[in-house]
Structures are given as C-alpha cells and as structure tokens.
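Fold and contact review
Here is how the chains run, residue by residue.
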Amino acid sequence: MSVARAGIVLCGGRSSRMGRAKAWLPWFDGRTLIEHVVERIRPAVDEVLVVTSVALDLPALDARVVRDREPERGPLAGLRDGLAATSAAHAFVTATDAPFLTTEYVDGMLSRRAACAPVEEGHVQVLSAVYPGEGAAVAERLLEEGRGRPRDLLEALDYEALDANDPALASAPWKGFNTPDAYLDAVRGEDPDARCRIEFLGRAALASKSPNLEVPVGTLGDVLAQAARACDLDLDLVEGEQVARGHLVSLGGRDLVRDLSLPVGPDERISVLDAQAGG
Amino acid sequence: MSGIHGRYLRIDLSRGTSEHVAIPESVSRRLLGGVGLGTWLLLRESTPGFDPLSAEAPLVFAFSPLVGTGLTTSAKFAVVAKSPLTGFVCDALASSHFAIAGKRMGIDAIVVKGACETPSEWVRGVLRPTASWGRSAAETTSVLGGEGRVAAIGVAGEQLVRFATISADGRHAGRGGLGAVMGAKRLKAIVVAGELETPIADRTALEARADRLRARAAGPETAKYRELGTVGNLLAFDRVGALPTRNFQTSHFEGAEKLAAERWRGERAHRRAACAHCTIGCEQRYASRPGGAADVRIEYESQFALGPLVGVADPDAVLASSARCDALGLDTISAGATLAFSMECGERGWLEGAPAFGDDLLPWLDRIATRDGLGDRLAEGSLRLAREIGDEAVGIAPQVKGLEMPGYEPRALQTMALGLAVSSRGADHNRSSAYEADFSEEVDRMHGDARSVAAAVAAEERAAILDSLVLCKFVRGAMGDLFEESAAILSDLTGEAWSADGVETVAKRIVDLRRLGNEREGWQPADDSLPKRFLEEPIPGGPAVGARLPAERLRDLIRSYYLERGYDESGRISSDRRTAFESELGLDLTGPASGGADDA
Ligand code: SF4
C-alpha cells in the first residue's frame, strides 16, 4: 500500500542519563511517553512507524514497529531504517521524548511536502523534522562515508530551515528531556499536582500502617521518603544512594531498581518488594 | 574422612534382603552427599535405558556430610531416581528427622531395588506387609512413627501417578514423581532409626561455626522467609508481571490481591513452623478458612499452581487444594499445571470433559490420585496428555523435559528462562535458582544476554553445593562467599583441607554428572528448550505486557551456556571428559543414545 505521509518515532534504548528507557516513562492518564507521542502524530499521517532496537519491548501501539538494524550507529541509522520501511513520500521524524508535540504541528510540517526542520538559536531540530522517502538511500550513503548525523542528511536533502521564532512554532513542540530533573520539571509544568502511586509489598507491607499511598512525583528517593513518613513505616528502606539491601523497587512493573536518583512519573505505580524471590 | 560413614544400605525388595556396600572415599570427596552422592548411586545401581517404574529401577535416599552436625537447616536428604515424568535423572530434597535417623544407622544412603509382591513397609531392616496401603503419608506416619522416622507415599504414589511425592515429617520430596517409583515397588513406607553419631574431625571449631551461621541466619538476609515465607512472592510477582496465570497465558492475575499473604495476615490465623534443625523457620501455616486454626502449610509454589495458574482467586479453595495435594501425595506444581493445561485444552475444544478455569479442584485432585476417569490421563502429566492431543497442545503444555513449570514467567524472567531450559531435572526452580539474578539489578530480566548466562551458570553451581552438603537455599543469603564458607565447614567436619576452588569443582562436577546421566538415558539437544508458547507469543497484558523471548534469543543463551560449561555446540560433553568421569567415579556412562554423535 502506498501512503503519502508517515510519522516515524525513533526510540532509543535505555537512556543513560535518565536511567530508564524514555519510551516507557509515564506521561499522564496511565499512558507511556511512546503511547502519548504516537497518539499525537497518528491523526496527521497515514501510518506511524516506531523504530526500536531489539533490546526494547514496546506496549501495544497503533504503529508499525521497525527494528533498528544498527542501534550502535546512532539516530541516522534508525532514521534510515524507518524511511526504508515506508513508502510515504514524506515522513515526520521525532524522538520519543517529545510530549509537547501537537497534531497540528505535525500536520503543518508535513503540508510543506519537503525536507524541513525548525532551527532554534542555530540548533537544527533534526528530530522534529520532515524527511522525504528517498532520504533512506541518501542516509545509507552518508553512513558509508562515515557521516552519521541526521543533520548531514537534512543538508544533503537541501532542507528548508524554519525559524523557531515563527509564532506557529512558539510552543517549541520538539522540547524533550535527558535527565530525571528535566523530565520531572516537564511533568510538573503540565500538572503541578502530579502524583504517583506507591505500594508496599512483603515485609514493607507488614511494617506500614497503610500499604497503598499517593505522593507527589519526584525522584525515587523523594517518593520513598514521603511515603515512609506518610505511613509511619517501621523499616529502613534507604541505604546511602540506594534502596536498602533486601528490598527492590519496581517502577511501573518493569524496571527493578535500587537507584534513588531515578524519576518516578505521573500516575506511575511503584512497588517496594523483598529482593529474595526464592520459592 | 570424617562426616560420613563410607557405606550405603542396599535393600533388595524382591528378595527381602539388605546389605551394606562401601562407598569409596574418593567418591564422597568428589560429590559430597545429597544430590551428588545420590546421582552417583543411581547411575551405579542401574543399567542404561532402564524403566523408572520397573523393579530394577533404583530409588536412592541420600544423606549428606552435614546431616547430624547441628548446622542450621542441614537435616535434609535427597531422593534420587529416574523420573517417570521426564525419563531423566531426578532428585528431590526434603527436610526431616528422617535424614538424621537414617544417617544414625551408620550409612550415607539407602538404595532400594526390586519390588514387593504385595504392598509392604520396610521397618528398620524388616520387610513386612503394610496395613497402610490406601492411607495418606501422614496417617501412615502416625501408625509407624513409634518405630522410627518415616518416609512414605500417599495414594497417588500407590496409583503410580507420575507426579506423586514421597513425604517425611509433613515435608515432601516433591518433584519428578519419585513417589510413583516407590509405589511401583509396592513399598508404602521406610522407617529408619539408629544410634550412631556422625564422626566430626573438629567438633569445637564446627560448633563455633554453626553458632555464627545461626546468628547470621537470624539477620536481615533471611527476614523475608521468616516474616512472610515464600508466599510473600505472589503479590510481588504479580506486580512485576511474572506470575504465571491461566496456564501461562498471561502473567498478571486479577485475583492476586485476595491470595496475598500480606492480606491474609489480618484475616486468618497464622503461625510459623520450621523443618528439623532449622533456626530460620520459613514454614507458614494459615487457617484454611477465617476463624479456623492455622493448620495448612502453604508455599508460594503451591499457592501459584493451585491459584492463579488455574484461575482460582478464593484463598479458602487454594489452601484446601494444597492440603488435599499433601494428603494424596501429589506434587502441587505438576498437579496445578497439568490441570491448568487441561483447562486451556478444554477451552479450545481439544479435551472433552475437562475442568474450567476457576473450578473447584478438590474432586479433580481426587480423580488424579485415584486415576478415575479423565483423572487417569491427567495422572500422566501435561506432556503425555499433550502428545495424545496433538502438536499444538504440546506447544502450550507448561513443561520442560516433561516436568511442569514452577511459578516464574520465563518471558519476564529471562535468566530463569535459561535456567529452566537447561536444567537436568526439567522445568525446575530449585536446581537452578537463576531467578535470583532476575530479581536484582545484575541483569535486564526482559532481555537475556551474556550476563544472564553467567548468572545462570553461577546459580546452578551454588545450588549444586547447597544440595549436596545439604543446606537449605534460604540460608544462602546469610553465608558470605558460599564456596569459601562451605570449604571451611567441610575442613572442620572432615579433617581434610578443603578450598573454595575445590568446592566449586565439586559443584561443576555434579552439574556435569547429571547431564552425563541424562545423556546416558537418551537426552537430546531438543530437550533443552521451552514450550513454543513462550517463544512465539508476547505477554499479552499486565505490567510485563509485550515481553518476548524470541526463539533465537533463547537459542543464543543456551549456546553461550554450553560454551561456558565447556560442552559442544549441541550441549554434549566430550567423550574424553566422559571417559575421565567414568574412570574417576567408577561408572559406565555410555548409554544407548550417547555413544554416537560425540564420538564421531
Ligand atoms: S528455611 Fe524453611 S525450608 Fe529451609 S530448612 Fe528452614 S523451615 Fe525448612
């Protein structure tokens, strides 16, 4: 089936600065960031492709999942794989951490029917840009030549630079985040009262007055401290920068962690478990 | 060498005789006791390709060097036989005074061969007709308990149910159907008693070591087991999408909350108990219904298999099913998993008259144990039933090598997935314990990789040592470096110098010996795998939604595991190494199926 417009979401793996896979970060109403971004793009395009490495499973999405063949070569290789997988004349390409994307913005960008990207203070927003379908072959050539940046591809495609000061772009819908603090700021910007849910299981449940609580979002350290205070927890859950030995925390039921600096997002359910799982 | 008696008792039921047979010290040094010694005795006392339910099949009760030392959690014995469920080497451990009393007979093991003409019991050297046939193991024990310590089978063992257990002091050598091996011999019970103390080389040093271990075993590393027991797993596993539900169709159970021990605490009477000579005491007993006395022993594996796996969310029903399995002598995991499998087959229209998810299990457990109606086919286990139904059914039968899977969803716990696939006993959580890594930050539990392989290998070796010393898995957290501490214990006990490296070598040897035993009995590379469902379907919902274990990933993990263990690409041990094992251990390991490929 030939299509005119595609949306491509590049899903990196676990982000080292964030400590968690961005695709799975919560973004309100029980949805993950990837679900939210796909929902925003979907009405503006004929199909959405999500490019991901094998090391990342995804929730069910209204999108086609394309495997990033060479994740170690960076975003241009993923972009190439995404473009190669669609027959669309033009594709809007974004990263996962773009919660402020709007359908109107994606629609407006694709209506230009040409390679284009916003430029903000000299920075080309390569992951909030439109690439023509034939860009796959050009990307392949650039990768062979050792030029591995998406910006090289935009330049090779003679892209149109859009002034980010244009009122239509004033909301900077490409804004993303790379650190727990930046993510939590974005969450609080959206809802200053954003909360997460914490559940004490096992020994922690026996030691707490109420095993289910809601507390404001924050780093895991903040969240645990608030919850422990709120329920008079008779157990030490923290040891330096880590969750105390003998315990583990599950974030959203997926990551099992002990690092207190990780972010806990809106409506996210975290469970404090006993680490000994023998049975 | 102190710590052992250097001989075993061979009982010939066909002739009604028994004799002492020497165990070379070199064998005890190389394999210790428990599962190590037991495997050696099984292979030595049998010919390749024997029928596990035949008279010639050996049934081994192996004690261990630590039995009788007073070390916490050491009063355990291994039952070793060829499993009627898998056709491979099987060992099952149980804790009880049976181990202590057996070893006091001045022996390191009992090997039972032959078969009785009529139902009998062996009581301290005397083989006599039994009046307990048709009774539960607990009833049998109360009849015979005055004469010594008892190991007995229930009705399921008598009826050769392929997942029947052997019970002692209310604990069970549960997995692999070893109760059917005993039943095939028409042996209801073995009763042991004796006066001989275990010789200890340096009693003062060992006692001091035992005191220190006991103190550590009262610390935070075992707190979960003391405070909640293994039943504390259920809600946690549910919350991380690892709780097998409705025959492994999904990994999150909507009724988990009702089955959670954390919630039971306020609702029903509860008390803790402990195995013989254990200071941890992880055993949890709950009232079978609110208002009753705390009389039902429940473990996570029973709770998951008789609850979420069969779609049952009523705690009274789960506790009642667990108690019924114990009374009948059924392995709770295999019983629950075989029923769950039949339920899915029923839903798909493949099995007429099958129970439905959520049904009352009690009549079904009775039918299985007595081989009544469809119960007769269920008593054969999930793989045999699946083969009768067809290939598609085999793909959803929850088993590896014929042994039903424990309560760990392999797609969401991929180190465990590898452990389950390669384990010599079949789908097994105790000989591998690879889940330990999945419940840590050591690996990415949803994407098995090289770290998972290293963790699975290490976990298997730790288990091999604990199961041959024998010590309980749950004391492990209280031991520093397991191999070093084991070496120190063995040095004090035996009077010989043991090193951590030496202990690790024993562990590797035991893992290899079991594989060689399986090869002798016809193991093929395809036996190391997981059912198709896990390799083709992602988890459809719940916290681990989307988790997949593609076939090629599992194959890569298995191949790396073989490499790490020094096996060839297909998982076989080289003929040179096999020959070395044969001469070191005085065994013939060449079986009908293992003589070909690797010799070429
Ligand atoms: S910790 Fe539990 S299973 Fe282990 S020996 Fe003690 S009571 Fe038995």
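Residues numbered from 1 in each chain as written. Chains lettered and ligands numbered in written order. Predicted model: local features only at pLDDT ≥ 70, side-chain atom pairs only at ≥ 80, totals over all residues. Heavy atoms only, no water.

1. Describing the overall build of chain B
A tally of regular secondary structure across chain B gives 26 helices and 17 strands. Computed over the C-alpha atoms, the radius of gyration of chain B is 22 Å, within 12% of the 25 Å expected from 2.2 N^0.38 for a compact globule of 600 residues. Taking the principal axes of the C-alpha coordinates as reference, chain B spans close to 55 × 55 × 50 Å. A buried classification covers 66% of the 600 residues belonging to chain B. Contacts in chain B between residues at least 24 apart in sequence constitute 69% of all its contacts with a sequence separation of at least 6. Split by element, the accessible area of chain B, about 18400 Å² in all, is 47% carbon and sulfur. Each charge class in chain B was averaged separately, 70 positive and 83 negative side chains, and the resulting centres sit 3 Å apart. (Helix = DSSP H or I, 4+ residues; strand = E, 2+ residues; numbered from the N terminus. Rg over C-alpha atoms; globule rule 2.2 N^0.38 Å. Buried < 20%, exposed > 50% of the residue type's maximum accessible area, 1.4 Å probe, protein only. Contact = heavy atoms within 4.5 Å. Areas by Shrake-Rupley, 256 points an atom, 1.4 Å probe, with all protein chains shown as cover. Lys, Arg positive; Asp, Glu negative; His and termini not counted. Charge placed at Lys NZ, Arg CZ, Asp CG, Glu CD.)

2. Regarding the interface of chain A and chain B
Each side of the interface is counted separately: chain A has 35 residues, and chain B has 39 residues. Interface of chain A and chain B: buried area, both sides summed, is about 2700 Å²; carbon and sulfur atoms make up 52% of it. Between chain A and chain B we count three salt bridges in total. Taking the shortest distance from any N to any O, the salt bridge between A:Glu199 and B:Arg239 comes out at 2.6 Å. Seen at the junction of chain A and chain B, the total is eleven residue pairs in polar contact (both at pLDDT 80 or more). Listing elements by their share of the side of chain A that touches chain B, those giving two or more residues are α7 (202-206), β14 (247-251), β15 (255-257) and β17 (269-274) of chain A. Here the residues of the side of chain A that touches chain B sort into 15 nonpolar, ten polar and ten charged. (Buried area = accessible area lost by both parts, 1.4 Å probe. Salt bridge = Lys/Arg side-chain N within 4 Å of Asp/Glu carboxyl O. Polar contact = N/O pair within 3.5 Å; in protein donor to acceptor, adjacent residues only side chain to side chain. Nonpolar A, V, L, I, M, F, W, Y, C, P; charged D, E, K, R; others polar.)

3. Remarks on the sheet that holds β15(A)
Residue and element names in this part refer to chain A. Spatial ordering of the open sheet is given by β10-β9-β17-β14-β15, a layout of five strands whose pairing is mixed. Bordering the open sheet on either side are β10 (212-216) and β15, each of which pairs with just one other strand. Adjacent strand axes in the sheet meet at a mean angle of 25 degrees when their direction is disregarded. Here β14 pairs with β17 via five bridges, running antiparallel. Bridge pairing in β17 links Val249 to Val272. On the sheet, helix α8 (residues 220-230) packs against β9 (195-200), β10, β14, β15 and β17 and is oriented at approximately 130 degrees with respect to β10. (Pairing = 2+ DSSP bridges. Axes fitted to C-alpha atoms, helices over the stretch in contact; angles between N-to-C directions.)

4. Observations regarding the sheet that holds strand β13 (residues 270-273) of chain B
Each strand in a sheet pairs with another by means of backbone hydrogen bonds, the pair being arranged parallel or else antiparallel. Residues and elements named next belong to chain B. In space, the three strands of this open sheet follow the order β13-β14-β15, with antiparallel pairing throughout. Each edge of the open sheet carries a strand with a single partner, namely β13 and β15 (294-298). Between one strand axis and the next, the sheet turns by 35 degrees as a mean value, whatever way the strands run. Relative to β15, strand β14 (residues 283-287) runs antiparallel, the two sharing four bridges. Each residue of the ladder has a partner; that of Arg285, found in β15, is Arg297. Contacts from helix α13 (residues 315-328) reach β14 and β15 within the one sheet, and its direction differs from that of β15 by about 75 degrees.

5. Observations concerning the site of the ligand
By nearness alone, every residue bordering the ligand is listed as B:Thr73, B:Lys76, B:Arg171, B:Ala274, B:Cys275, B:Cys278, B:Ile280, B:Gly281, B:Cys282, B:Cys472 and B:Phe474. Its residues placed into classes, the shell around the ligand shows seven nonpolar, two polar and two charged. (Near = heavy atom within 4 Å.)

6. Considerations on helix α26 (residues 575-585) of chain B
Residue and element names in this part refer to chain B. When α26 is considered as a whole, its buried residues turn out to be Ser575, Arg578, Phe581, Glu582 and Leu585. When α26 is viewed along its axis, its buried side chains cluster within an angular range of 115 degrees and face the same direction. Turned more than 90 degrees away from the buried face of α26 sit Asp576 and Ser583, all of them exposed. Tucked inside the fold, the buried residues of α26 contact α1 (25-31), α2 (34-44) and α23 (500-520). (Arc of directions from axis to C-beta.)

7. Concerning the domain arrangement of chain A
Residues and elements named next belong to chain A. Domain boundaries assigned for chain A yield domain 1 (5-169) and domain 2 (191-274). The interface is formed by twelve residues belonging to domain 1 together with twelve residues belonging to domain 2. When the buried area of domain 1 at its contact with domain 2 is split by residue, Arg20, Pro26 and Phe28 rank highest and sum to 59% of it. Between the two partners, domain 1 and domain 2, sit two salt bridges. Between Arg20 and Glu268 there is a salt bridge; the shortest N-O distance is 2.6 Å. Summed over the shared surface of domain 1 and domain 2, the number is three residue pairs in polar contact (both at pLDDT 80 or more). (Domains from an automatic or database assignment.)

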